[in-house]
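Coordinates in review
Here are the chains, one letter per residue:
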Amino acid sequence: MTTTIDILMVTYNSPESTRLSLERLLESCTDGMHVWLWHNGSHEETLDVVRELSDHPAVARFHHSVENKRLWAPSNWLFENSEADLLSKVDDDNVVSRDWDLRLSAAHRDYDRFGVLGSW
């Protein structure tokens with residue numbers, strides 16, 4: 001059975017790093033992985049990047065908030081609406097390894113009492 005993972009990415013005023021980070025994240029997605037995009041603010045260059053990449057099949061949802069809601073509103077959006085087995089957040093200035101999901105799934109499978117895991 002495939003473990004489902006919903007991944008939150010919040011973007012804000014950084015088109016170059018957003019493109020690098022989001023493209024790699026989308027390339028890393030396998031079956032059962034879905035990206036939830038939340039853009040804070042009205043920075044057109046960053047918003048253009050997010051809109052362009054939001055058509056990728058791994059993107060489950062896209063939300064644009066003109067007001068910068070920081071992290072609380074996007075996190076609650078994911079927590080309240082996701083039905084995935086695991087939840088993750090990838091920052092818009094991080095580039096994930098191609099198999100990061102395998103390590104995340106393995107850690108939770110190997111020790112089922114983990115709650116929140118972080119990495120950088």
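Above: the structure in question.
Here is what the cut-offs are and how they apply
Residues numbered from 1 in each chain as written. Predicted model: local features only at pLDDT ≥ 70, side-chain atom pairs only at ≥ 80, totals over all residues. Heavy atoms only, no water. Helix = DSSP H or I, 4+ residues; strand = E, 2+ residues; numbered from the N terminus. Buried < 20%, exposed > 50% of the residue type's maximum accessible area, 1.4 Å probe, protein only. Contact = heavy atoms within 4.5 Å. Core = buried A, V, L, I, M, F, W, Y, C linked by side-chain atoms within 4.5 Å. Axes fitted to C-alpha atoms, helices over the stretch in contact; angles between N-to-C directions. Parallel < 35°, antiparallel > 145°, perpendicular 65-115°, else oblique. Left-handed = near helix turned anticlockwise from the far one by under 90°. Nonpolar A, V, L, I, M, F, W, Y, C, P; charged D, E, K, R; others polar.

So, about unusual backbone geometry. At N13, a position not held by glycine, the phi torsion is positive, near 50°. Non-glycine residue R70 carries a positive phi angle of around 55°. Structurally, R70 can be placed in the loop between β3 (59-65) and α3 (72-81). The exposure class assigned to R70 is exposed, which follows from its relative accessible area of 63%.

So, about helix α4 (residues 100-110). Those residues of α4 that sit buried are W100, D101, L104, S105, A106 and H108. Those residues of α4 that are buried lie in contact with β1 (5-11), α1 (15-28), β2 (33-40) and β4 (86-89).

With 20 residues, the main nonpolar core has I7, L22, L25, V35 and W100 as its most contacted residues. Counting residues per element, the ones that place at least two in this core are β1, α1, β2, α2 (44-53) and α4. Discounting chain neighbours no more than four positions away, the residues touching W100 are I5, I7, L25, S28, M33 and S88. In terms of nonpolar packing, the next biggest core, distinct from the first, is built from 7 residues, L8, W38, A73 and L78 among them.

Contact pair α1 / α2: the axes reach a minimum separation of 9 Å and the direction vectors enclose 15°. Judged by the inter-axis angle, α1 sits roughly parallel to α2. Handedness of the α1/α2 crossing: right-handed. Where α1 abuts α2, its residues P15, T18, R19, L22, E23 and L26 lie against E45, T46, V49, V50, E52 and L53. For the contact of α1 with α2, the class distribution of residues is 6 nonpolar, 2 polar and 4 charged.

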